[in-house]
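A look at the structure
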Amino acid sequence: MKRILLQFFALACVFVVNAQSLNLNQPLPLDNTIKKGVLPNGMTYYLHSTDVTKDVASYYIIQNVGSVLENDDQQGLAHFLEHMAFNGTENFEGKGILNTLEKEGIVFGKDINAYTSFDETVYNIDNVPTTPELVETGLQILRDWSNYLLLTDEEIDAERGVIKEEWRTRQSGQMRILQQSIETMFGGSKYAKRIPIGNMDVIQNFEYKALRDFYHDWYRTDLQAIAIVGDIDVDDMEVKIKEKFSTIPAVENAPERFIVKIEDNDKLMYDIAMDKEVSTANISFGIRHDKSLENETVADLRIGLLNSMISSILGTRFREISQQPDAPFIAVGAGFGDMTRVHNAFNVRVAPKPEKQQEAFKLVMTEINRAVKFGFTNAEIKLVKAQFSSFYENQIAKRNDRPHGQIIQSIQKNYLENAHLTDIEKEFEIVKGLFSQITQADLLQRMQDIYTQKNRTLVVTGVEGKNNLTEEQANQIIKDAENDTTLQPYEEDEEAKSLMDGVNLVPGKIVEEKENSELGFTTFTLSNGIKVYYKFADKNKNDVKLEAISDGGKSLLKVDELPSAEIVSNVVQLSGLGEFSMTDLPKVLAGKTANTSFSIGETTEAIVGASSTKDVETMLQMVNLRFTKPRFDETSYKVLMQNIDNFLVRRSQDLNSKMSDSVTTTLYGHNHSTKRIFNKSFVADMSFEKSKAVYKSRFNNAADFTFFIVGDVKKEDVKPLLENYIASIPTTNVKENWVNNAVEWSAKNIDKDIYLPMEDPKGSVQMAIKKEMPFNLKDQLLMTALGKILQLRYNELLREDEGGTYGASSWGQVFKEPRSIAYLSVTFDCNPDLVEKLIGIVHAEIDKIKKGTVLQTDLDKVTTNLIKEREDSKNFNAYEMSLLKNLILEGYNMEAPENFKNIVKSITKNDIQDMVKRLLDNHKSFEIVFKPIE
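Each chain carries its own residue numbering, running from 1 in the written order of its sequence. Totals for whole chains, interfaces and linings use every residue, but because this is a predicted model, local features are given only for residues with pLDDT of at least 70 and side-chain atom pairs only at 80 or more, for both listing and counting. Remark: hydrogens and water are excluded; side-chain values derive from all non-hydrogen atoms of the structure.

**Re unusual backbone geometry**
For the bond from glutamate 817 to proline 818, the omega torsion is -5°, close enough to zero to count as cis. Positive phi outside glycine occurs at asparagine 127, with the angle close to 55°. Helix and strand assignments come from DSSP, with helices taken as H or I runs of at least 4 residues and strands as E runs of at least 2, each series counted from the N terminus. Looking at where asparagine 127 falls in the secondary structure, it is placed in strand 5 (residues 121-129).

Quick look at the structure:
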């Protein structure tokens, strides 16, 4: 198989069959909604029309080229070349691509991006308006990316620093673990020597010719596919592609695009890696398998289903074990999936509890071998078939709402790995036939086929000074598990009951129903005092969302309850819901698509839910139980606290955790009662009873919540469900409001350098400016615009001009609660030798704006982007939810021009200048800089 069917796979296949007519050798039929062609020069193209987001299209070029093709003196140049595609082409010199697109509201990083992997490099421009001019621009950029990069000396040299800073930003304890163990992970193959970021010595010193040689050897039409997905006329776009791309010359006598195959190994390949910044262990056991690139058949689909079913069942078994206090591991992930272009792998990843590496690995291998010897129960198989069938049904209902990126993924797999492009509706018909035939024996045989004796690897992330799993121990554990004659089959559970078992449901009534014709929503007042605001929206088919929001949040909790409030969501999640444990709940919900969760913020608490159209009832049942029958399990709490202990160990040496804690103590001191760091003292103040009390205090009165339901469910269908499950919730007349418990920083202006030990030295800068001021929509938009303008300036100055950082993040906002505060944040990692210079540039740009220097081009880019993003968002149900919530909770209609579009269009350079002046007038700030200890 060419796809991972986990996550519940995104396959696609077509035609109606029955169990008797299945021909496993039959090819999978094509999805005719995706047009594929090949030009005379060898370039492949894919076209698909969808109006999931109206009047925009996404443009991709898929290069069958990655780091594995590099020579030794080119390590990192595949990735370097990806950067250079944004630094000058035949028709867009310098930063011409970015400048052209940003003027149309298309944002670098979010809409314009690329990635380089071992075997491919993919470039994308998403959500480009389909005006004739921008269609031409999108096609021209793809054409230039194909064959017309300039690769000037000056731009190459300027990008060396950016690449080095990307390397610096990505370096971490886990990355260094990977660098130590990758030789074993990839069987000593070329993959092990070609991490895409490359070798920094090569990056800093390669000759221009090395990059240009790599470009001319590999960026060529027979290794390229372009894909355009969006609100397009396919036939018209095909004509344009043939005209524009057929003239690109094919490369003659080109080097062969070789594929790296990892050589077989008969014995287990073992490795152990450690790092001073990694203080918890991990164990990764893998069995490598060959992957075919031949055309797929029904037999391949069957194998993929078996692999996914096995992965799902094993995952469930390991989750059940992990929820026991005496389990030696925190979590285990087991599954079959992609590894390289021509390899799949069965991987088992174990997160052992401290000092339990051997015990954890022993239990895991015992369970794997239990599956190898005895397979899976009928109850497990029935459950997973129901789950997969529900997944297919939902995907079929939403097939016209697939985002561009999801469609591109299937196209990409087709081009690079010959994965079949099939129609999911017809595929489901085949799957139903396969499900009717798949037996326990089939799954057992597949499990045994997966668990081979050769091509095994074991990589241990060890901890210095601890009892780490050795090669000898690992081999003995595996041998013992495989020869354990005492193993018994997995015990089959009882049939699951109904979700509402044990609930004495007394339905209520809808006592009032009001229509708002202007915005198309209905207000239901229920007999228990709850108000529900409902709006039908089918911009996303088969999708229904619920939110219930109440004032209060953590602001109403006692100080001694705050530590327990941090974990209450974990306690409730691990406990289950109603009559059912976390283990049993998925069995009760098998075949249904519905979920709920909750949150407790600083000033509000909320319950959110989501479901398919047919499972709205299940979602509302779960909401009912969140209020009437939440579950609190002390055993689950004990498991959680063990996991937290491990979390404390893990973060004790983690550099980012040290930085986060240092920011907290710098801003609020070491002993603040409400602004505490997550350490042993904080954990010691948590308790099961307090977590339970926090939940009950925040969710004890549903009438204090405002309910919103938006989505693809008809009013006549939702009304009886509201009466049954929401109007039946017992309520009181008590109404709560949040209180202002805002805490001030320890000083008005904080400027501090903090020195930390670092394995890979870097500077890390965190800056913020805040000012109390009344909230209004214009200032909110002005602060947003200010953050985006500074983002543009810092990308140009800090990244491109100085080569001092991979990227700075700048954002502005006006917070409304608990105090109305304008807030500007700037953060970036950088070369530690350039910290002071870059900080000076950051301040200088803010000061320039204060003095009136605002580039009109930057302002135009930002305002165009704000309007474009708002218009794009209107294609989704989520916009309708925001519209409703803002009207009811905030008191304004976000659809009205005077509340958004007119404000954005009216923003001037003077407005931005004035905003900065007001922000800086008697402001508060911090500038915290982390530097390596020399």
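Okay, back to it.
**So, the UniProt feature "domain: Peptidase M16 N-terminal" (unreviewed entry) in the chain**
Per the UniProt annotation, the sites labelled "domain: Peptidase M16 N-terminal" (unreviewed entry) are residues 52-180. Counted over residues 52-180, helix gives 44% and strand 17%. Its end C-alpha atoms are 44 Å apart. UniProt positions are given in the numbering used here, feature names are shortened, and annotations may be inferred rather than shown by experiment.

**Points about the packing of aromatic side chains**
Any Phe, Tyr or Trp ring, taking Trp's six-membered ring, that has another such ring centre within 6.5 Å forms a pair; planes under 30 degrees apart are called stacked, those over 60 apart edge-to-face, and the others tilted. Enumeration according to the criterion identifies 33 aromatic pairs in this entry. With centroids separated by 5.5 Å and ring planes inclined at 20°, the aromatic side chains of tryptophan 811 and tyrosine 823 adopt a geometry described as stacked. Separated by 12 residues along the polypeptide, tryptophan 811 in strand 21 (residues 809-815) and tyrosine 823 in strand 22 (residues 821-830) bring together distant segments of the chain. Classification of tryptophan 811 as partly exposed rests on a relative accessible area of 33%. Burial classification: accessible surface area is computed with a 1.4 Å probe over protein chains only, and a residue below 20% of its type maximum counts as buried, one above 50% as exposed, and the rest as partly exposed.

**Observations concerning the pairing of strand 8 (residues 282-290)**
The side chains of a regular strand alternate between both faces of the sheet. Bridging between strand 8 and strand 11 (residues 456-461) involves 6 bridges; their strand directions are antiparallel. By the bridge assignment, asparagine 282 is partnered in strand 11 with threonine 461. The pairing criterion for strands is at least two bridges between them, as found by DSSP. Where strand 8 lies against strand 10 (residues 343-352), 8 bridges are found, and the strand directions are antiparallel. Bridge pairing in strand 10 links arginine 288 to alanine 345.

**Let's talk about the packing of helix 9 (residues 298-322) against helix 14 (residues 440-450)**
Where helix 9 meets helix 14, the closest approach of the two axes is 10 Å, and the angle between their N-to-C directions is 85°. The angle between the axes of helix 9 and helix 14 places the two elements in the roughly perpendicular class. Judged by residue contacts, Arg302, Ile303, Leu306, Asn307, Met309, Ile310 and Leu314 of helix 9 engage Asp442, Leu443, Arg446, Met447 and Ile450 from helix 14. When residues are grouped by polarity, Ala, Val, Leu, Ile, Met, Phe, Trp, Tyr, Cys and Pro land in nonpolar, Asp, Glu, Lys and Arg in charged, and all others, Gly among them, in polar. Taken together, the residues that form the contact of helix 9 with helix 14 break down as 8 nonpolar, 1 polar and 3 charged. Convention adopted: a line fitted to C-alpha atoms gives each axis, helices being fitted over their contacting stretch, and angles between N-to-C directions are expressed from 0 to 180 degrees. Oblique is the label for every angle not falling under 35 degrees (roughly parallel), over 145 degrees (roughly antiparallel), or within 65 to 115 degrees (roughly perpendicular). Contacts: residue pairs with any heavy atoms within 4.5 Å of one another.

**Some details on the domain arrangement of the chain**
What marks off one domain from the next here is an automatic or database domain assignment. Per the domain assignment, the segments making up the chain are domain 1 (34-246), domain 2 (269-483), domain 3 (510-726) and domain 4 (749-932). Listed as interface residues are 28 residues of domain 3 and, on the opposing side, 27 residues of domain 4. Two parts lose some accessible area (1.4 Å probe) when they are put together, and adding that loss for both gives the buried area. Buried area between domain 3 and domain 4, both sides added, is near 2,500 Å², and the carbon and sulfur share of it is 72%. When a carboxyl oxygen of Asp or Glu lies within 4 Å of a side-chain nitrogen of Lys or Arg, that pair is called a salt bridge. Taken together, the links from domain 3 to domain 4 amount to 3 salt bridges. Lysine 885 is paired through a salt bridge with glutamate 547; the nearest N and O atoms lie 2.7 Å apart. Counted as a polar contact is a pair of N or O atoms within 3.5 Å, where, for protein atoms, one must be capable of donating a hydrogen and the other of accepting one, and residues adjacent in sequence contribute only when both atoms are in side chains. Inspection of the region where domain 3 meets domain 4 yields 8 residue pairs in polar contact (both at pLDDT 80 or more). For the side of domain 3 that touches domain 4, the secondary-structure elements that each account for two or more residues are strand 14 (531-536), strand 15 (544-551), helix 20 (655-668) and strand 18 (706-711). Per-element tally for the side of domain 3 that touches domain 4: the top contributor is helix 20, with 8 residues.

**Examining the UniProt feature "domain: Peptidase M16 C-terminal" (unreviewed entry) in the chain**
The sites that UniProt annotates as "domain: Peptidase M16 C-terminal" (unreviewed entry) are residues 206-387 and 687-864. Secondary structure across residues 206-387 comprises 42% helix and 24% strand; the distance between its end C-alpha atoms is 52 Å. With 41% helix and 23% strand, residues 687-864 has its two end C-alpha atoms placed 50 Å apart.

**Quick notes on the nonpolar core**
In this structure, Trp145, Ile228 and Ile241 are the most contacted members of the largest nonpolar core, which totals 67 residues. Setting aside chain neighbours within four positions, we find isoleucine 228 in contact with Tyr46, Leu47, His48, Ala57, Ser58, Tyr59, Leu139, Leu142, Met237 and Ile241. Remark: nonpolar core denotes a set of buried residues (Ala, Val, Leu, Ile, Met, Phe, Trp, Tyr, Cys) joined through side-chain atoms within 4.5 Å. With 62 residues, the next largest nonpolar core counts Leu499, Ile510, Phe580 and Ala703 among its residues.

**Observations concerning the pattern of salt bridges**
Close approach of charged atoms lets side chains of opposite charge pair. The full count for this structure, using the stated rule, is 80 salt bridges. The salt bridge involving glutamate 155 is made with lysine 95; its shortest N-O contact spans 3.4 Å. On the criterion of sequence distance, the pair formed by glutamate 155 in helix 4 (residues 153-170) and lysine 95 in the loop between helix 1 (77-84) and helix 2 (96-102) is long-range, its members being 60 residues apart. Residues glutamate 895 and lysine 874 are paired through a salt bridge, measuring 3.7 Å at the closest nitrogen-oxygen approach. Placement of the pair is glutamate 895 in the loop between helix 27 (877-890) and helix 28 (901-906) and lysine 874 in the loop between helix 26 (856-873) and helix 27, with a sequence separation of 21 residues. Using a relative accessible area of 23% as the deciding quantity, one classes lysine 874 as partly exposed. One connected set of salt bridges, linked through shared partners, spans Lys95, Glu155, Glu159, Arg799 and Glu800.

**Things to note about the packing of helix 10 (residues 357-374) against helix 14**
One way to put it is that helix 10 packs onto helix 14 with a least axis distance of 7 Å and a crossing angle of 130°. Classified by the interaxial angle, the pair formed by helix 10 and helix 14 is oblique. Of the two elements, helix 10 crosses helix 14, and the hand of that crossing is left-handed. Packed against helix 10, whose contacting residues are Ile368, Ala371, Val372, Lys373 and Phe374, the element helix 14 presents Leu444, Met447 and Gln448 at the interface. Among the residues forming the contact of helix 10 with helix 14, the class breakdown is 6 nonpolar, 1 polar and 1 charged. Helix crossings are classified by the rotation of the near helix relative to the far one: an anticlockwise turn of less than a right angle makes the crossing left-handed, while a clockwise turn makes it right-handed.

**What to know about the sheet that holds strand 7 (residues 269-273)**
Backbone hydrogen bonds are what pair the strands of a sheet, in a parallel or an antiparallel way. Reading across the sheet, the 5 strands line up as 7-11-8-10-9 and stay open at both edges, with mixed pairing between neighbours. The sheet is open, and its two borders are formed by strand 7 and strand 9 (329-340), each paired with just one other strand. With strand direction ignored, the average angle separating the axes of adjacent strands in the sheet is 15°.

**Notes on the sheet that holds strand 17 (residues 604-611)**
One open sheet holds the 7 strands; their spatial order is 12-13-14-18-15-17-16, and the pairing between them is mixed. The open sheet terminates on both sides in strands that have one partner only, identified here as strand 12 (510-516) and strand 16 (594-600). Neighbouring strand axes in the sheet, compared pairwise and without regard to direction, differ in orientation by 15° on average. Of the pairings in the sheet, the one linking strand 12 to strand 13 (residues 521-526) comprises 6 bridges and is antiparallel in character. Within strand 13, the residue paired with lysine 514 across the bridge is threonine 523. Helix-sheet contacts for helix 18 (residues 616-628) involve strand 15, strand 16, strand 17 and strand 18, and the interaxial angle to strand 16 is about 35°.

**Regarding the environment of methionine 881**
Residue position: methionine 881 is located in helix 27. By relative accessible area, methionine 881 is classed as buried at 5%. A C-alpha to C-alpha distance of 27 Å links methionine 881 and glycine 109, two positions 772 residues apart in sequence. If we skip the residues at most four places from it in the chain, methionine 881 touches Lys545, Leu546, Glu547, Phe708 and Val710.

**Focus: the side chain of glutamate 277**
Examined against the element boundaries, glutamate 277 turns out to sit in the loop between strand 7 and strand 8. With a relative accessible area of 12%, glutamate 277 lands in the buried category. Not counting residues up to four positions away in its chain, the partners in contact with glutamate 277 are Gly173, Arg176, Gln653, Asp654, Leu655, Pro757, Met758 and Glu759.

**Things to note about the confidence of the model for the chain**
pLDDT: the predictor's confidence for each residue, scored from 0 to 100. Model confidence for the chain is summarised by a mean pLDDT of 95, while 97% of its residues fall at 70 or above. Low pLDDT, under 50, characterises residues 1-20; the stretch is placed with 85 contacts to residues that sit more than four places away or in other chains.

**Here's the deal with the pairing of strand 11**
The buried fraction of strand 11 is high, at 6 of 6 residues. Residues Arg456, Leu458 and Val460 line one face of strand 11 and the alternating positions Thr457, Val459 and Thr461 line the opposite face, and both faces are buried. As judged from the 5 bridges shared by strand 7 and strand 11, these two strands associate in the parallel manner. Note that in strand 11 the partner of isoleucine 272 across the bridge is valine 460.

**Concerning the side chain of glutamine 140**
By the secondary structure assignment, glutamine 140 is in helix 3 (residues 132-147). Once you skip the residues sitting within four places of it in the chain, glutamine 140 turns out to touch Asn91, Phe92 and Lys244.

**Considerations on helix 27**
Between its terminal C-alpha atoms helix 27 stretches 19 Å, which fits the 20 Å expected from 14 residues at 1.5 Å a residue. Residues Asn877, Tyr879, Glu880, Met881, Leu883, Leu884 and Asn886 constitute the buried set of helix 27. Considering only its buried residues, helix 27 is in contact with strand 13, strand 14, strand 15, strand 18 and helix 26. Positive phi shows up at glycine 891, right after helix 27, with a value of about 80°. Residue count minus one, scaled by 1.5 Å, sets the expected span of a helix.

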